[in-house]
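Architecture and fold: a report
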Amino acid sequence: GVTLDRTLSFKAHLSKTAMKLKTRINVLCKLTGTTWGATASTLRTSALALVYSAAEYCCPVWARSSHTRMVESLLNTTMCLITGCLHSAPVPWLPVLANIAPPRLRRQAATAEMLLKILGNTRWPLHDDVVNHPPARLSSRRPIWSCDTSDITNQRWTDEWAEAIVVNHGLVSDPTIRQPGFDLPRQPWSLLNRFRTGQGTCRASLNRWGMAQSDLCQCGQRQTMTHIVDDCQLTKLDGGLEALYQADGTAVEWLNAVATTAFAK
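An account of the accompanying structure is given in this report. (Residues numbered from 1 in each chain as written. Predicted model: local features only at pLDDT ≥ 70, side-chain atom pairs only at ≥ 80, totals over all residues. Heavy atoms only, no water.)

Concerning the overall build of the protein chain
The cut-off we apply is this: Each helix is a run of H or I in the DSSP string that is no shorter than four residues. Each strand is a run of E no shorter than two, and both are numbered from the N terminus. A simple rule labels every residue: compare its accessible area, found with a 1.4 Å probe on the protein chains alone, to the largest value its type can have, and call it buried under 20%, exposed over 50%, or partly exposed in between. A 1.4 Å probe and the Shrake-Rupley method give the accessible areas. Residues count as covered only by the protein chains that appear here. Think of it this way: Lys and Arg go in the positive column, Asp and Glu in the negative one, and His and the chain ends go nowhere. By convention, the charge on Lys lies at NZ, on Arg at CZ, on Asp at CG and on Glu at CD.
Helices and strands together make up the secondary structure of the protein chain, namely 13 helices and 0 strands. Sequence-ordered secondary structure for the protein chain, helices as α and strands as β, is α-α-α-α-α-α-α-α-α-α-α-α-α. Along the longest, intermediate and shortest principal axes, the C-alpha atoms of the protein chain span 70 × 35 × 35 Å. Counting the 265 residues in the protein chain, one finds 44% classified as buried. Summed over all atoms, the accessible surface of the protein chain reaches about 14,000 Å², with 53% contributed by carbon and sulfur. Each charge class in the protein chain was averaged separately, 28 positive and 20 negative side chains, and the resulting centres sit 12 Å apart.

Encoded structure:
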């Protein structure tokens, strides 16, 4: 099931995989209506079964290819569907809100698991190829025996999140757990995540995209996602974004009533 090319760059294989993923993502889109869509839990399970299973097939073989971006971009699209975020949302936010480890870390974990199996089975012909491997001829090649066998995905994810420079970074202390509101209905869940990532259909964004003539809020100030929840005298929530992030009853009521009205106008 893996396409080998002349240079073993796996570009042909990843191109075919990307085409397969586009079809499966189209199926997933049918579950993501704006108001009636499935919950994040259902979408996450469906994405892992439909999209990730194909995207990560035999990934220990091609995980070190320089063409993995063809697959990663489609997995980012998948996480946007799960979270309801816009495509302009900061990429580090997507795995956190979808509760799926970043694609690169998932590939590293699969490679480490495969390498441990190879090293633990001395009767496998592949064992000698890994243990007594030939010397590297090209510095650009990263063979499987050069990989780290320690599977510490959650720790690496936490460290990377701590170093990420993204909007509202301080709201999340542990990126590996499900964030509050994961079981909300589709509409408030999507809107909540757009406030978390700072990317939504506010007047400032619509004006930048050429879809609105003005970026002003009803209160007369520039309407951004932060302005709606923190500053606007007509729509702001007590406690601001930090209170909204907790997705409690008050926050959900605010999302369903005040915020939806602000966007409608």
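What about helix α4 (residues 69-83)?
Think of an α-helix as turning once every 3.6 residues; residues three or four places apart then point the same way. Put simply, the test is: A helix's residues, less one, multiplied by 1.5 Å, set its expected span. Note on contacts: a residue pair is in contact if any heavy atoms of the two residues lie within 4.5 Å.
The terminal C-alpha atoms of α4 lie 21 Å apart, and with 15 residues this matches the ideal 21 Å at 1.5 Å per residue to within 8%. Among the 15 residues of α4, 11 are classified as buried, and the element is accordingly described as predominantly covered. Within α4 the residues assigned to the buried category are V71, E72, L74, L75, N76, T78, M79, C80, L81, I82 and T83. Buried residues belonging to α4 abut α1 (11-29), α2 (40-55), α5 (93-98), α6 (103-120) and α9 (186-197). One or two residues past the end of α4 sits G84, with phi positive at roughly 80°.

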